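Below, each chain spelled out in residue letters.
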Amino acid sequence: MDDALQQLTALIARLPGLGPRSARRVVLQLMKNRETQLKPLMAALQRVDSALSACAVCGNLDTANPCRICTDPRRDPAMLCVVADVADLWALERGRLFSGRYHVLGGTLSALDGVGPDDLSIAALKERVAGDPPVTEVVLAMNATLEGQTTAHFVADAVEGLGAKVTQLAHGVPVGGELDYLDEGTLAQALRLRRPL
């Protein structure tokens, strides 16, 4: 394989969910369909590269700054959903279930990885919660991992006393899930958070 094709294959193999074999198939597909797939993909990547930026308000990635979520007048500014990463924000937006605004922390607390409170946008979050218009509810949408829950507790303590109610996403049995296939941690959380029917 040509050096340029090897480099392209190696770069594509770095993408999540793709390994060397999948990357070779992607490169082959792009080479076979240069006009209909390769050139439009290159043009789209160049457009995104020149226009993409982090939103100065929430931290979302968008081609507009502030992002379209922050400038949408239909969004409730009194509700703020705190997520660890942009991927989490995008996952919540796919369902179109949250009508408020977001705040991206930029990661989770992790002593092993050397990520402390100063590495996350917690100070900016506190400013937003105490700002004008005031935030009345902070929804913590963190992963159900040790790092995610540690971060959620830290954020809850940080915004305590700023006048906003702090809530957290529910954890437990997924819709369509079978008890036999769930791990003990998920079952324990589901039992702890049980509610009246």
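Coordinates for the structure precede this section.
Residues numbered from 1 in each chain as written. Predicted model: local features only at pLDDT ≥ 70, side-chain atom pairs only at ≥ 80, totals over all residues. Heavy atoms only, no water.

Undergrad: What am I meant to see in the layout of surface pockets here?
TA: Rolled over the atoms, a probe sized like a water molecule indicates the empty space that remains. If you add up the space inside the largest pocket, you get close to 330 Å³. In terms of residue class, the lining of the largest pocket is built from nine nonpolar, two polar and two charged. (1 Å grid on protein atoms, 1.4 Å probe; cavity = no way out; pocket = protein on both sides within 12 Å on 5 of 7 lines; lining within 4 Å. Points joined across faces, edges and corners; volume = space filled by probe spheres on them. Nonpolar A, V, L, I, M, F, W, Y, C, P; charged D, E, K, R; others polar.)

Undergrad: When you look at the environment of Ala111 in this model, what are you seeing that I'm missing?
TA: Here Ala111 is to be found in the loop between strand S4 (100-104) and helix H6 (122-130). Separated by 51 residues in sequence, Ala111 and Leu162 have C-alpha atoms that sit 27 Å apart. (Helix = DSSP H or I, 4+ residues; strand = E, 2+ residues; numbered from the N terminus.)

Undergrad: Is there a simple way to explain the sheet that holds strand S6 (residues 165-168) in this structure?
TA: The strands making up a sheet are joined through hydrogen bonds of the backbone, oriented either antiparallel or parallel. Pairing is parallel in the open sheet, where four strands are placed in the order S4-S3-S5-S6. Strands at the two margins of the open sheet, each flanked by one partner only, are S4 and S6. Each neighbouring strand pair of the sheet contributes to a mean axis angle of 25°, computed without reference to strand direction. Sitting on the sheet, helix H5 (residues 86-95) is in contact with strand S3 (76-83), S4 and strand S5 (137-141), with an inclination near 160° to S4. (Pairing = 2+ DSSP bridges. Axes fitted to C-alpha atoms, helices over the stretch in contact; angles between N-to-C directions. Contact = heavy atoms within 4.5 Å.)

Undergrad: Sorry, what's going on with the nonpolar core here?
TA: One broad rule of soluble globular proteins: the nonpolar side chains tend to lie buried together. Counting residues in hydrophobic clusters, the biggest one holds 18 residues, and the most contacted among them are Val82, Leu105, Leu125, Val129 and Val138. Contributing elements (two or more residues each) for this core: S3, H6, S5 and helix H7 (146-159). Counting residues per element, this core draws most heavily on H7, at four residues. Apart from the residues lying within four places of it in its own chain, the contact partners of Val138 are Leu80, Val82, Val129, Ala164, Lys165, Val166 and Thr167. If you look at the next biggest cluster of nonpolar residues, it comprises 14 residues, including Cys67, Val83, Phe98 and Tyr102. (Core = buried A, V, L, I, M, F, W, Y, C linked by side-chain atoms within 4.5 Å. Buried < 20%, exposed > 50% of the residue type's maximum accessible area, 1.4 Å probe, protein only.)

Undergrad: What am I meant to see in the pattern of salt bridges here?
TA: Pairing between side chains of opposite charge can happen when the charged atoms of each approach one another. Scanning the entire structure with this criterion turns up four salt bridges. Two residues, Glu93 and Arg75, come together in a salt bridge whose shortest N-O distance is 2.5 Å. Within this pair, whereas Glu93 is found in helix H5, its partner Arg75 is found in the loop between helix H4 (68-71) and S3, the two being separated by 18 residues in sequence. Take Arg75: its relative accessible area is 12%, and that puts it in the buried class. (Salt bridge = Lys/Arg side-chain N within 4 Å of Asp/Glu carboxyl O.)

Undergrad: Is there a simple way to explain the pairing of S3 in this structure?
TA: The side chains of a regular strand alternate, residue by residue, between the two faces of the sheet. In this sheet, S4 lies alongside S3 in parallel orientation, the contact comprising five bridges. Bridging from a neighbouring strand, Leu80 pairs with Arg101 of S4. Taken together, the five bridges between S3 and S5 define a ladder with parallel strand orientation. For Val82, the partnering residue across the bridge sits in S5 and is Leu140.

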